[in-house]
Amino acid sequence: VHRYNSIDEQCKHVESVPSEDLVGAAIGVTGDFVERAEELVKSGVSVLCLDVAHGHHSHMKNALKILRQKFPDFHLMAGNVATLEGFDALAEWGASSVRCNIGGGSICTTRVQTGHGVPGLQTIIDCARSEHAGDVKIIADGGIRNGGDIVKALAAGADFVMVGSLLSGTDQTPGKLFKTSDGNFKQYRGMASRDAQMSWRGRSGSPEGVSSMVPYKGDVNFILAELAGSIQSGLSYTGARSINELQAKASFIR
């Protein structure tokens, strides 16, 4: 959620988080990513996320192989990919989990700008066919608009979901709070948007995201409780008592 100017600044933030919490940190795949990874692991993070828009790439291969050698038992999350071939490649290069989806986020414009991407549910269905599925976790990342989308992603084979817009506007998310005659709103922006690029690297290339305003939603725990209820109800409609059973029993029709 924040672009740090130095390793020390990033790790100082990590060290301020209670040790019992699960903490993940995002790094790139070029430049000083190895030094950042070493300092973050030393500071106590639980997950390193190799975070790039196009994960099925030689830079990702190089970064994963280097970090897997340095941290043989550490959880390395990588992505993003849109295809079974991409998922298999990252799994073979050393990823513990893979973020699956390109261009599906609510404020992502990659498909408009570049013409590339696959519908998110189809990506999950395809990646779930991998021989690596189960050992390497599938993360449905992008296009999750409501609790029902979470249930469908899990039913299709995802182990986890990543949500941005669903949690945007809450107290715990970054962004300024604006009070207007129409209500309270918070800023919500994609990290590939022009505004975000200007703030974290001082220039803007070809933007693949936008900035917007979303209604203020209060404490995130209310949203999480509602989403958990949606998943529980989805299980009951399928006659399932677990996510594994949901995946075994669910069927999709065109």
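Parameters at a glance
Residues numbered from 1 in each chain as written. Predicted model: local features only at pLDDT ≥ 70, side-chain atom pairs only at ≥ 80, totals over all residues. Heavy atoms only, no water. Helix = DSSP H or I, 4+ residues; strand = E, 2+ residues; numbered from the N terminus. Buried < 20%, exposed > 50% of the residue type's maximum accessible area, 1.4 Å probe, protein only. Contact = heavy atoms within 4.5 Å. 1 Å grid on protein atoms, 1.4 Å probe; cavity = no way out; pocket = protein on both sides within 12 Å on 5 of 7 lines; lining within 4 Å. Points joined across faces, edges and corners; volume = space filled by probe spheres on them. Nonpolar A, V, L, I, M, F, W, Y, C, P; charged D, E, K, R; others polar. Core = buried A, V, L, I, M, F, W, Y, C linked by side-chain atoms within 4.5 Å. Pairing = 2+ DSSP bridges. Right-handed = clockwise from strand over helix to strand, strands pointing away. Arc of directions from axis to C-beta.

Colleague: Help me understand the environment of Leu227 in this model?
Modeller: Note on placement: Leu227 falls in helix H9 (residues 220–238). Overall, Leu227 belongs to the buried group, its relative accessible area being 10%. Along the backbone, Leu227 and Ile150 are 77 residues apart, and their C-alpha atoms lie at a distance of 8.3 Å. Setting aside its immediate chain neighbours within four residues, Leu227 contacts Asn146, Gly147, Ile150 and Leu166.

Colleague: Teacher, can you tell me more about the layout of surface pockets here?
Modeller: The rolling of a water-molecule-sized probe over the atoms marks out the regions of remaining empty space. Of the voids in this model, the second largest pocket is the one considered here, and its volume is about 270 Å³. As for the second largest pocket, its lining consists of 17 residues, of which Gly120, Leu121, Gly142, Gly143 and Asp149 are closest to the centre. Among the secondary structure elements, those contributing two or more residues to the lining of the second largest pocket are helix H6 (120–127), strand S5 (137–141) and helix H7 (147–156). The residue inventory of the lining of the second largest pocket, partitioned by class, reads 7 nonpolar, 5 polar and 5 charged.

Colleague: Just checking my understanding: could you explain the nonpolar core for this structure?
Modeller: If you look at soluble globular proteins, the nonpolar side chains tend to sit buried side by side. The biggest cluster of nonpolar side chains holds 50 residues, and the ones touching the most others in it are Leu50, Met60, Leu64 and Leu90. Per-element tally for this core: the top contributor is H7, with 6 residues.

Colleague: How should the pairing of strand S1 (residues 24–27) be read in this particular structure?
Modeller: Looking down a regular strand, the side chains alternate between one sheet face and the other. Residues of S1 alternate between two faces, with Ala25 and Ile27 buried on one and Gly24 and Ala26 left unburied on the opposite face. Bridge analysis of S1 against strand S2 (residues 47–51) gives 4 bridges, and the strand direction is parallel. Its bridge partner being in S2, Ile27 is matched across the sheet by Leu50. The parallel pair S1 and S2, bridged by helix H2 (residues 33–43), forms a crossover whose chirality is right-handed.

Colleague: I would appreciate a short explanation of the side chain of Ser130 in the present structure.
Modeller: Its location among the elements puts Ser130 in the loop between H6 and S5. Ser130 has contacts with Leu84, Phe87 and Asp88, leaving out every residue within four places of it along the chain.

Colleague: Before we go on, may I ask you to explain the pairing of S5 in this structure?
Modeller: Where burial is concerned, most of S5 is hidden: 4 out of the 5 residues are buried. Here 4 bridges tie strand S4 (residues 97–100) to S5, and the two strands are oriented parallel to one another. Within the sheet, the bridge partner assigned to Val98 lies in S5 and is Ile138. As paired strands, S5 and strand S6 (residues 160–162) are joined by 3 bridges and run parallel to one another. The residue of S6 that forms the bridge with Ala140 is Val161. In terms of handedness, the path from S5 via H7 over to S6 forms a crossover that is right-handed.

Colleague: Would you take a moment to explain H6 for this structure?
Modeller: One turn of the α-helix equals 3.6 residues, which is why residues spaced by three or four share an orientation. Buried within H6 are the following residues: Gly120, Thr123, Ile124, Asp126 and Cys127. Buried positions in H6, seen along its axis, are confined to an arc of 165° and lie on one side of it. Those residues of H6 that are buried are in contact with strand S3 (75–81), helix H4 (84–93), S4, helix H5 (110–114), S5 and H7.

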